[in-house]
Amino acid sequence: TDTGGTPLAPALMYNDSRARDEASRISSHATAESAAQGATSGLPKLLYLQTRYPQARHVLHQADWVAGKLCNRFDFSDANNALKTGYDVVNDCWPAWLDNLGVNRRLLPTVYTPGSYIGDISAHWSHYFHLPATTKVIAGTTDSIAAFMATGANQPGEAVTSLGSTLVLKIISEQPVFAPQFGIYSHRLGKLWLAGGASNSGGAVLR
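Reading the values: rules and limits
Residues numbered from 1 in each chain as written. Predicted model: local features only at pLDDT ≥ 70, side-chain atom pairs only at ≥ 80, totals over all residues. Heavy atoms only, no water. Pairing = 2+ DSSP bridges. Helix = DSSP H or I, 4+ residues; strand = E, 2+ residues; numbered from the N terminus. Axes fitted to C-alpha atoms, helices over the stretch in contact; angles between N-to-C directions. Contact = heavy atoms within 4.5 Å.

**Focus: the pairing of strand β8 (residues 192–199)**
Walk down a regular strand and you will see the side chains alternate between the two sheet faces.
Stage number 1. Bridge count for strand β6 (residues 167–173) against β8 is seven bridges, and the pairing is antiparallel. Its bridge partner lying in β8, Leu167 is registered against Ser199.
Stage number 2. Judged from the five bridges that link them, strand β7 (residues 185–189) and β8 form a sheet pairing that is antiparallel. Residue pairing across strands places Ser186 opposite Ala195, the latter belonging to β8.
Stage number 3. The turn linking β7 back onto β8 is made up of two residues, and Gly190 within it adopts a positive phi angle of 65°.

What follows is the structure, encoded as C-alpha cells:
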C-alpha cells in the first residue's frame, strides 16, 4: 500500500502461487527453519510485489490492513501473520538473510505479539461504529490459530484440527518444531509453541 494504506494492487490470496521464481531464490538464502519457503508464502509475494510497485511504503497482511484502517496506521503486524513473510519467531526479529534476497526493509512492519496493544480506534471509526473513543486495537492472529484458541486447548500435547479451505493440524509443544520439507512450522504461544501445518485435503478440494 501507499503511506495512507491505500492498496496499489489487488490483494493476493493465501493460495496464490504466481511468485514461483521468487520462491526458488528463497531456498538458497533462508535458514532451514524458516516457514517463508514455498510460492504461496508471504515472502515470495513480497519480493514479487516490491519490484512491480516501487512506490509502495507498506507490505500488509489482510489482518494488518483491517487493523490499520481502524487505528489509521499501517506500520505493524503480528508475529503469527508475519511468520511466512520471513519473521524469525525464535529470535523475535526480521532476520539478516532477508537482505541477501534484496528485501526492502522499509516495507517491513514492526511486529507485535498477538494480543498486545496497538493503539486506540480512530475518531472516524469510533463515530461510525458508535464505539467508545477508548476502544483498543489489539494485534491479531491467523484464522487457524484463532480456531485453535477457541477450543480452550492449553496444555503440551493437546492438538486441534480445523477444517476450512484446507485442513489444519496444530499441537502444543514445549519446543518449536520446524520441518519445511514436510510443511511443519511453529508459532510462539506464550511460553509454549504451536507446531503444525496444513493439508490440501480441505473444503477447497471439493471443487
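**Here we look at the sheet that holds strand β5 (residues 159–163)**
Within a sheet, each strand pairs with its neighbour through backbone hydrogen bonds, oriented either parallel or antiparallel.
Stage number 1. Taken in spatial order, the four strands make up an open sheet running β5-β6-β8-β7, and their pairing is antiparallel. Each end of this open sheet is capped by a strand with a single partner; those strands are β5 and β7. In this sheet, adjacent strand axes meet at a mean angle of 25° when their direction is disregarded.
Stage number 2. Running over the sheet, helix α7 (residues 143–150) touches β5, β6, β7 and β8 and is turned about 60° from β6.

**Quick word on the environment of Pro176**
Stage number 1. Counting through the fold element by element, Pro176 comes out in the loop between β6 and β7.
Stage number 2. Taking the C-alpha atoms as reference, Pro176 lies 9.6 Å from Glu33; in sequence the two are 143 residues apart.
Stage number 3. When neighbours within four sequence positions are excluded, Pro176 is seen to be in contact with Ser186 and Trp193.

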